[in-house]
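Secondary and tertiary structure notes
Here are the chains, one letter per residue:
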Amino acid sequence: QVQLVESGGGLVQAGGSLRLSCAASGTIFNINAMGWYRQAPGKQRELVADITRGGSTNYADSVKGRFTISRDNAKNTVYLQMNSLKPEDTAVYYCAAGWGPRATVVNYWGRGTRVTVSS
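What comes next concerns the included structure.

About the thresholds
- Residues numbered from 1 in each chain as written.
- Predicted model: local features only at pLDDT ≥ 70, side-chain atom pairs only at ≥ 80, totals over all residues.
- Heavy atoms only, no water.
- Helix = DSSP H or I, 4+ residues; strand = E, 2+ residues; numbered from the N terminus.
- Rg over C-alpha atoms; globule rule 2.2 N^0.38 Å.
- Salt bridge = Lys/Arg side-chain N within 4 Å of Asp/Glu carboxyl O.
- Buried < 20%, exposed > 50% of the residue type's maximum accessible area, 1.4 Å probe, protein only.
- Pairing = 2+ DSSP bridges.

A short note on the overall build of the chain
Summing up its helical and strand segments, the chain has zero helices and 11 strands in all. The secondary structure elements of the chain, listed N-terminal to C-terminal, are β-β-β-β-β-β-β-β-β-β-β. Against the globule reference of 14 Å for 119 residues, the chain gives a C-alpha radius of gyration of 13 Å, in line with a compact fold. Structurally, the chain occupies a C-alpha span of about 40 × 25 × 25 Å along its principal axes.

Brief notes about the pattern of salt bridges
The full count for this structure, using the stated rule, is five salt bridges. A salt bridge links D89 to R38; its shortest N-O distance comes to 2.9 Å. With D89 in the loop between β8 (77-82) and β9 (91-98) and R38 in strand β4 (residues 33-39), the pair connects residues that are 51 residues apart, well separated along the chain. The residue D50 makes a salt bridge to R102 at a minimum N-O spacing of 2.6 Å. You can see D50 sitting in strand β5 (residues 46-51) and its partner R102 sitting in the loop between β9 and β10 (108-109), a full 52 residues away along the chain. Note on D50: relative accessible area 1%, which makes it buried. A single network of salt bridges, built from pairs that share partners, joins R38, E46, R66 and D89.

Digging into the pairing of strand β3 (residues 18-26)
Across six bridges, the pairing between strand β1 (residues 2-7) and β3 is antiparallel. Bridged to V5 within β3 is A23. Pairing of β3 with β8, which is carried by six bridges, proceeds in the antiparallel orientation. Bridge assignment links A23 to a residue of β8, and that residue is T77.

Encoded structure:
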């Protein structure tokens, strides 16, 4: 089993920055892709960004140029640097991990961390 624990959420003003972290533990040898999803009130959960073990990244169009995903394989940790935050970025952000090359198929979820962007 794999456990994912997120940290770094909070309240920030529009234009500000936050950095989310997600530490993986447990049976992690079979984890390949890791990523971040978010779910805003009344909306479906959506993929924000993901990263392969080798460092290839993908981003949702809505966050390109503002968010950066990175990964430290030695620490089994994935990060999401969020800059130029907008009120529409307000959501619960979930860390995700999967066995495949992309985090579009998720085998493990974190419990989520809330990000609130005030206008």
